[in-house]
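Single-letter residue listing:
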Amino acid sequence: MRKQSRSRVGIIRDILKTINEEGKASVTRIMYGSRMPYDRLITVLDYLIKKELVKKIEDDEKKY
């Protein structure tokens, strides 16, 4: 039986939920929380940053 893929809205919901739960979340944490591979996640995160739904934070040498 094949799993049904999530909608774009479902993916964005999972990303935003992970960020909300963590406060400041690293890309790795968002990747695991949203169950997405890195390359697809970066594309969606860039979209969310462009739409100003999330912001990129650089703290010392870490990125959130």
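For the structure itself, consult the block above.
Nothing here was measured: the structure is a model prediction, and the numbers come from that model.

Q: Could you clarify how one ought to interpret the packing of helix α1 (residues 8-22) against helix α3 (residues 38-50) in this entry?
A: Here α1 crosses α3 at 80 degrees, and the two axes come no closer than 11 Å. Taken as axis vectors, α1 and α3 run roughly perpendicular relative to one another. Here α1 contributes R8, I11, I12, I15 and L16 to the contact with α3, which in turn contributes R40, L41, V44, L45, Y47 and L48.

Q: Sorry if this is basic, but what is going on with α1 here?
A: For the α-helix, the turn length of 3.6 residues means that residues three or four positions removed from each other point alike. Helix length check: α1 (15 residues) gives 21 Å between terminal C-alpha atoms against 21 Å at 1.5 Å per residue, within 8%. Three or more residues of α1 are buried, namely G10, I11, I12, D14, I15, T18 and I19. Packed against the buried residues of α1 are α2 (27-34) and α3.

Q: Explanation requested: the pattern of salt bridges in the structure shown.
A: Pairing is possible between side chains that carry opposite charge, provided their charged atoms lie close to one another. In this structure the tally under the stated criterion is five salt bridges. Notably, a salt bridge pairs R35 with D14, separated by 3.6 Å at the nearest N-O pair. Linking R35 in the loop between α2 and α3 with D14 in helix α1, this pair joins segments that are 21 residues apart in sequence. Look at R35 and you get exposed, because its relative accessible area is 57%. If you follow the salt bridges from partner to partner, you end up with R6, R13, D14 and R35 in one network.

Q: For this particular structure, what's the right way to read the nonpolar core?
A: Nonpolar side chains in soluble globular proteins generally cluster together in the buried interior. I15, I30, L41, V44 and L48 are the most contacted members of the largest nonpolar core, which totals 13 residues. For this core, the secondary-structure elements that each account for two or more residues are α1, α2 and α3. Discounting residues that sit within four places of it in the chain, I30 has contacts with I15, T18, I19, A25, L41 and L45.

Q: How should I be thinking about the packing of α1 against α2 in this particular structure?
A: Geometry of a packed helix pair, given as the angle between the helix axes and the separation of the axes. At a minimum axis separation of 9 Å, α1 and α2 run at an interaxial angle of 125 degrees. By the criterion of interaxial angle, the relationship of α1 to α2 is oblique. Our pair here, α1 against α2, has a crossing hand that is right-handed. Across the interface between the two elements, D14, I15, T18, I19 and E22 from α1 touch R29, I30, G33 and S34 from α2. By residue class, the composition of the contact of α1 with α2 is three nonpolar, three polar and three charged.

Criteria and cut-off values
- Residues numbered from 1 in each chain as written.
- Predicted model: local features only at pLDDT ≥ 70, side-chain atom pairs only at ≥ 80, totals over all residues.
- Heavy atoms only, no water.
- Axes fitted to C-alpha atoms, helices over the stretch in contact; angles between N-to-C directions.
- Helix = DSSP H or I, 4+ residues; strand = E, 2+ residues; numbered from the N terminus.
- Parallel < 35°, antiparallel > 145°, perpendicular 65-115°, else oblique.
- Contact = heavy atoms within 4.5 Å.
- Expected span 1.5 Å × (residues − 1).
- Buried < 20%, exposed > 50% of the residue type's maximum accessible area, 1.4 Å probe, protein only.
- Salt bridge = Lys/Arg side-chain N within 4 Å of Asp/Glu carboxyl O.
- Core = buried A, V, L, I, M, F, W, Y, C linked by side-chain atoms within 4.5 Å.
- Left-handed = near helix turned anticlockwise from the far one by under 90°.
- Nonpolar A, V, L, I, M, F, W, Y, C, P; charged D, E, K, R; others polar.

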